[in-house]
Amino acid sequence: MTAGAQTAFIDFQDVWLAYNDELFAAGQFAVEAIDLQVQPGEFIAIVGPSGCGKSTFMKLATGLRGPSRGRIRIDGQPVTGPLKISGMAFQAPSLLPWRTTVDNVLLPLEIVEPYRSNFKRKRKEYEERARKLLQKVGLAGYEDKFPWQLSGGMQQRASICRALIHEPKMLLLDEPFGALDAFTREELWCILRDLWTEQRFNVILVTHDLRESVFLADTVYVMSKSPGRFVVKKQIELPRPRELEITYTREFTDIVLELRGHIGAIRKTSPVVEATP
Amino acid sequence: MNASRHFERWAPVLLAIALVLLWQVGVTAFQVPDFIFPSPLQIAQQFNEFKGPLLAAAWATFWVTMVGFGLAIAVGVMLGFLIGSSRVAYAAVYPLMVGFNAVPKAAIVPILVVWFGIGIGPGILTAFLISFFPIMVNIATGLATLEPELEDVLRVLGARRWDVLVKVGLPRAMPYFYGSLKIAITLAFVGTVLAEMTAGDSGIGNLIQTAGSQQRMPLAFAGLVAISVMAMAMYELFSWIERHTTGWAHRGSQGH
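None of these values were measured; they are calculated from a predicted model.

Enquirer: When you look at the overall build of chain A in this model, what are you seeing that I'm missing?
Expert: Counting secondary structure elements, chain A contains 10 helices and 10 strands. Relative to its length of 277 residues, chain A is compact, with a C-alpha radius of gyration of 19 Å against a globular reference of 19 Å. If one aligns the C-alpha atoms of chain A with their principal axes, the spans along those axes are about 55 × 45 × 40 Å. Each of the 277 residues in chain A was classed as buried or not, and the buried ones make up 55%. Between the centroid of the 36 positive side chains of chain A and the centroid of its 34 negative side chains there is a distance of 3 Å.

Enquirer: Is there a simple way to explain the overall build of chain B in this structure?
Expert: Assigned secondary structure in chain B consists of 11 helices and zero strands. The N-to-C order of helical and strand elements in chain B reads α-α-α-α-α-α-α-α-α-α-α. Its C-alpha atoms put chain B at 75 × 60 × 25 Å along the principal axes. Across the 256 residues of chain B, 42% fall into the buried class. Partitioning the contacts of chain B with sequence separation of at least 6, the portion at a separation of at least 24 is 76%. A total accessible area of about 13,800 Å² is found for chain B, and carbon and sulfur atoms account for 71% of it.

Enquirer: Even after reading the chapter, I still don't get the domain arrangement of chain A, so can you show me in this structure?
Expert: The figure often quoted for interface size is the accessible area lost as the parts come together. Residues and elements named next belong to chain A. We note that the domain assignment places domain 1 (2–85 + 168–266) and domain 2 (97–167) within chain A. Taking only C-alpha atoms, the centre of domain 1 and the centre of domain 2 are 26 Å apart. With 15 residues of domain 1 at the contact, the number on the domain 2 side is 13 residues. Contact with domain 2 buries area across many residues of domain 1, yet Lys84, Pro168 and Leu195 alone supply 38% of it, more than any other trio. Across the contact surface, domain 1 and domain 2 share two salt bridges. A salt bridge links glutamate 187 to arginine 157; its shortest N-O distance comes to 2.6 Å. If you look at where domain 1 meets domain 2, you find four residue pairs in polar contact (both at pLDDT 80 or more). The element contributing the most residues to the side of domain 1 that touches domain 2 is helix H8 (residues 182–199), with seven residues. In terms of residue class, the side of domain 1 that touches domain 2 is built from nine nonpolar, two polar and four charged.

How each quantity is defined
- Residues numbered from 1 in each chain as written.
- Chains lettered and ligands numbered in written order.
- Predicted model: local features only at pLDDT ≥ 70, side-chain atom pairs only at ≥ 80, totals over all residues.
- Heavy atoms only, no water.
- Helix = DSSP H or I, 4+ residues; strand = E, 2+ residues; numbered from the N terminus.
- Rg over C-alpha atoms; globule rule 2.2 N^0.38 Å.
- Buried < 20%, exposed > 50% of the residue type's maximum accessible area, 1.4 Å probe, protein only.
- Lys, Arg positive; Asp, Glu negative; His and termini not counted.
- Charge placed at Lys NZ, Arg CZ, Asp CG, Glu CD.
- Contact = heavy atoms within 4.5 Å.
- Areas by Shrake-Rupley, 256 points an atom, 1.4 Å probe, with all protein chains shown as cover.
- Domains from an automatic or database assignment.
- Buried area = accessible area lost by both parts, 1.4 Å probe.
- Salt bridge = Lys/Arg side-chain N within 4 Å of Asp/Glu carboxyl O.
- Polar contact = N/O pair within 3.5 Å; in protein donor to acceptor, adjacent residues only side chain to side chain.
- Nonpolar A, V, L, I, M, F, W, Y, C, P; charged D, E, K, R; others polar.

Written as structure tokens, this is what we have:
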């Protein structure tokens, strides 16, 4: 563990977060005792019941929130504010309807340095880059369409492009494929897999979908609900590159089943009575 | 399909013609005297006879309204921007503005007369006071309804408040803004005419007031028609601008 911590890209040491001082005084934490070491280029997935603090974890990892207790280091540096080396995408694509798809993808470059200062001068070059990225995710021919002319799956692809355009070292995805139909979802898994294989950024994928987490991730963490803790860490030893067919193999389903067992146990022991959905 | 679309397009015109015909027939059939309720024909005759004074009055009302409306846009946008971009400003300013907006503008006109005298001063100010509120509220709403996720995406990149406002908030507020202009322009005409009736020495309001006191109903009605035509024309103008600048917000209706 200690040897890993020294080279780790993401390093959480006993991190606790309460959203405000009253909750802190009352001992009500959104996440508790998070210890996590992620190697450079590692793809991790976090699964758990809704409301278990997965989104809180995202805020901590991007520096949008500081921890109440504990230490977070990312890329060797203590986190003190928003981390520009990260890109984010959510379940809702939240593209701007008055911008074309390519202009939506360019938005981060208008904001983040060093691109911001050169944006006017190098616009052509950046646009070329955005178009290439869009073509890579299968949106060739849709670059100049408006987001509302695109299907949900296409919008989500564009949203992922927007998260990646400034070549972040860390990609955070909060249930990015949750609203898509099963076939589109599997298609996007493969696109994400290919992008990651090619560029090897770190990925933190928050999801409800166990098959998704096992197919994509190197390591899957299971989170419990209130308190929000990491209760299980599962290395996925399936060989890469992984094709969709692997999801129908015995090995794969065994892992999914095992994780499902952990989730089921959490839900049973959870002190909070859940409303039926 | 095509025929029904044509019908939809011309429906407002057809309805207007039908109503005018009904009005004319009703007034003629029941022999209503013109000092009670003039017929469309008599109003048209008045238009023809008093072309000069009506046009002059309409022009006076029009530019007084536009000056007041211009002020309303400037102040409404600034205040809306302020209260939409800062929670503290919102909490502080909004209740005051609501209270202020609830004051009947007709009650303010006499005060304005004391301050600015008879003339265009009260007209401009009443038009402004009555119409800036919807503009302010709509700009503020547009700015305040930002998806928290999108804000996270931008803040992580180191976006400043100003970046978020200019890149996302303002464009998002534009449909609200144009929508509010359509409402505000008609209100501004109401404000001007209101001031002209009590404190004006020119304009359609003054003309209606004078005609009314002389029991010249057809002329008063001609004044009413003039004011509605101006308000409708301005409404259509802003509607047109809205469609051509923020078409992305009305995509549902673009298809057909």
